[in-house]
Amino acid sequence: MSVDLRKVEDFLVHEARLLDARDWAAWDALFTPDGIYWMPAAPGQDDPLRHVSLIYENALLREIRIRRFADTSAFSLQGGPRGWRIVANVRIDARDAEANTITVSSRLMAAEYQRDRTTRFEGFVTHRLVTEGDSFRIALKRVELLDCDAMRGDINLYL
Amino acid sequence: MSITTGLVEDDRVHRSVYTDPAIFELEMQNIFGATWIYVGHESQVPNDGDFITASIARQPLLMVRDKGEIHLLYNRCPHKGAQVVPEGQGNARMFRCAYHGWIFQRDGAVRTIPLDDGYEGTCIGKHGPDASMTRVANVASYRGFVFACLADEAPPFQEWLKGVDSSIDNMADRSPEGELEVTGGVLRYMHRCNWKIFLENLNDLMHPMVTHMSSSGTARSVANRHFGKGEKLPAAIEILGPFTSNYEFFEDMGIHAFPGGHSYSGGTVSIHSRYSEIDAYNDAMNAAYGEARAREIFSMNRHNTIVYPSLTLKGPIQTIRVIKPIAVDRTLVESWTFRMKGAPDELLERSILYCNLINSSANLVGPDDHEAYQRIQTGLMADRIEWVNMQRHMGKEQPNADGGWSAMGTSDLVFRNQYRTWAAYMETAA
Ligand code: FES
Ligand SMILES: [Fe+2]
């Protein structure tokens, strides 16, 4: 299986821009049916079930969160958090031809702004991508913040 | 007379108890420095030499196990004051200060001081007591939960814990072996509010159906789209759904307050009582206790228990939240999960899921609570409106044989009881 790095980069930037645009539904559609979005709470965390995470979400939980984004009674989202993401240092770390998947690592810089407060995030990101025709589906997106085990305030958006 | 005299009445408190930095500093002395404060769980230091750093009222502490015993030391070098062990946990044979290399045994006693003949004839010389790390005056443990009191004179521990000791018992008894073990990491959520606002919210049963509609209500409607009536729901839905139970449900849950400011809500029913049965767990409990006793343990299902002022726990889901005041408008809340020894992993996984969904700063439930706390902290800056009302269901509480009081779930009884205790602590000269 030969996958072009450029195509992978395009896909990650496309994904980041959907998030920037708060097009949550289109973003969610990038996942495989059992795809997972994960933000661990400890560096190197490999167990999402027996160790707490900041976020560990399957399709059902993403659907709840995405509906909540549009809910006017989501009080902590009033005053509209907005954010942007920069994706860099993209590399294909592993290829599994049989499963038709690749593992991609990248670095993320992002910021969230709400009501006079900007919160900045830096992280290591791993995508497990399933190749699908000319493009990809996300089987796993794991965002390990540089300070994932620090004490912190709210994170309101997907990063 | 104290700076807090006149700020607490039977049915209201003055706004400054949440906003005045001088009152906050006095609280650190008169409450956090004067009564029992949770510092950690024995299971965090299972073996000799295991240590964790801890804190009470911003003061650095070190909890160590040595020869089977738990020692609690001020994490402060007796020489020039450096923190001896940096924040974290580990195992050590002894502790060496990073500054001038004084070395301490695990019980804090000094072992060596470089060039110690330079101290001859002083209180450090050939190792007088001033050369050792200082031990915390009072330490007590209940079912593995370790509490400390920094003051020389501590309230009698068992007496102080009365009323909520049963919540700790129930959490531990839910383990087939009767023992709990901290596991699964910690979530440390910094709140931009006074610590008492967080504490009050835990037994404020008038808020969930409003504050959590966007998460819990949405979880219910999403579940309705995907699952038929009577179909087994995913654990996440079982956890999120009950937050928006109706007022009647929360009213019927009931609420209980005790001397010392302690309280719990729920009794036989709570937002945790409708979780799916896990057969292998029930079997283990029946085998360990016999069916009748196991049923009795499960029949207690409390919502939040507050061991005033700093430990809050949820027995049925094996999580605690520890409240650490940082400043008048900053409060660190640590969420810990427990494995019940002898129970299948599924139970731990449910506790973890609960913490992720409810207590994580990146999740769906906690941030809406936090939003309410911040709005209180902001709203209370309106200084023409001096008092905060706590009159709901006033006078309808019933005294109990156990020395506490009970009321319907949405009563402000718990708040009134907390401030009665608060005022008593604050009036006492430290
Ligand atoms: S401050 Fe610790 S040895 Fe000097
Ligand atoms: Fe809440």
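All figures in this text were calculated on a predicted structure; none of them were measured in a lab. (Residues numbered from 1 in each chain as written. Chains lettered and ligands numbered in written order. Predicted model: local features only at pLDDT ≥ 70, side-chain atom pairs only at ≥ 80, totals over all residues. Heavy atoms only, no water.)

A. Quick look at the sheet that holds strand β15 (residues 263–267) of chain B. All names here are of chain B. Within the open sheet, the 9 strands sit side by side as β13-β19-β18-β17-β16-β15-β14-β22-β21. Their pairing is antiparallel. Looking at strand neighbours, the two that pair on one side only are β13 (180–191) and β21 (398–399), the edges of this open sheet. Direction of pairing for β21 relative to strand β22 (residues 405–407): antiparallel, over a ladder of 2 bridges. Bridging from a neighbouring strand, Q398 pairs with S406 of β22. Across the sheet, helix α5 (residues 195–202) is in contact with β13, β15, β16 (301–307), β17 (311–314), β18 (319–327) and β19 (330–340); its angle to β18 comes to roughly 155°. (Pairing = 2+ DSSP bridges. Helix = DSSP H or I, 4+ residues; strand = E, 2+ residues; numbered from the N terminus. Contact = heavy atoms within 4.5 Å. Axes fitted to C-alpha atoms, helices over the stretch in contact; angles between N-to-C directions.)

B. Representation of the pairing of strand β3 (residues 37–41) of chain B in the model. All names here are of chain B. Within β3, 5 of the 5 residues are buried, leaving the element largely enclosed by the surrounding structure. Judged from the 4 bridges that link them, β3 and strand β12 (residues 145–149) form a sheet pairing that is antiparallel. Note on β12: the bridge partner recorded for I37 is A148. (Buried < 20%, exposed > 50% of the residue type's maximum accessible area, 1.4 Å probe, protein only.)

C. Seen up close, helix α13 (residues 366–379) of chain B. For α13 of chain B, built from 14 residues, the straight-helix expectation of 20 Å at 1.5 Å per residue is met to within 8% by its first-to-last C-alpha distance of 20 Å. What α13 of chain B keeps buried is the set G366, P367, D368, D369, H370, E371, Y373, Q374 and Q377 of chain B. (Expected span 1.5 Å × (residues − 1).)

D. Geometry of the packing of aromatic side chains. Per the counting criterion, the structure on display carries 26 aromatic pairs over all chains. On the basis of an interplanar angle of 85° and a centroid distance of 5.8 Å, the ring pair of W38 of chain A and Y56 of chain A is categorised as edge-to-face. Within this pair, whereas W38 of chain A is found in strand β1 (residues 31–40), its partner Y56 of chain A is found in strand β2 (residues 53–57), the two being separated by 18 residues in sequence. The class of Y56 of chain A is partly exposed, set by a relative accessible area of 25%. Geometrically, the ring pair formed by F145 of chain B and F338 of chain B is tilted, given 5.6 Å between the ring centres and 40° between the ring planes. With a gap of 193 residues between them, F145 of chain B in strand β12 and F338 of chain B in strand β19 connect regions that are remote in the sequence. A residue is classified by how much of its surface remains accessible, and F145 of chain B, at 0% relative accessible area, is buried. The exposure class of F338 of chain B is buried, given its relative accessible area of 1%. (Phe/Tyr/Trp six-rings, centres within 6.5 Å; stacked < 30°, edge-to-face > 60°.)

E. Representation of the coordination of the iron ion (ligand 2) in the model. Residues and elements named next belong to chain B. Within the protein, H207 (NE2), H212 (NE2), D369 (OD) and D369 (OD) serve as the donor atoms for the iron ion (ligand 2), at 2.1 to 2.6 Å. One can describe the site at the iron ion (ligand 2) as irregular: its 4 donor atoms subtend angles covering 55 to 145° at the metal. Positions of the donor residues of the iron ion (ligand 2), expressed as sequence spacing, correspond to H-x4-H-x156-D. You can see H207 sitting in the loop between α5 and α6 (208–211) and its partner D369 sitting in helix α13, a full 162 residues away along the chain. (Donors = N, O, S within 2.8 Å, 3.2 Å for Na, K, Ca; no water. Tetrahedral: all angles 85-135°; square planar, octahedral: opposite > 155°, others 65-115°.)

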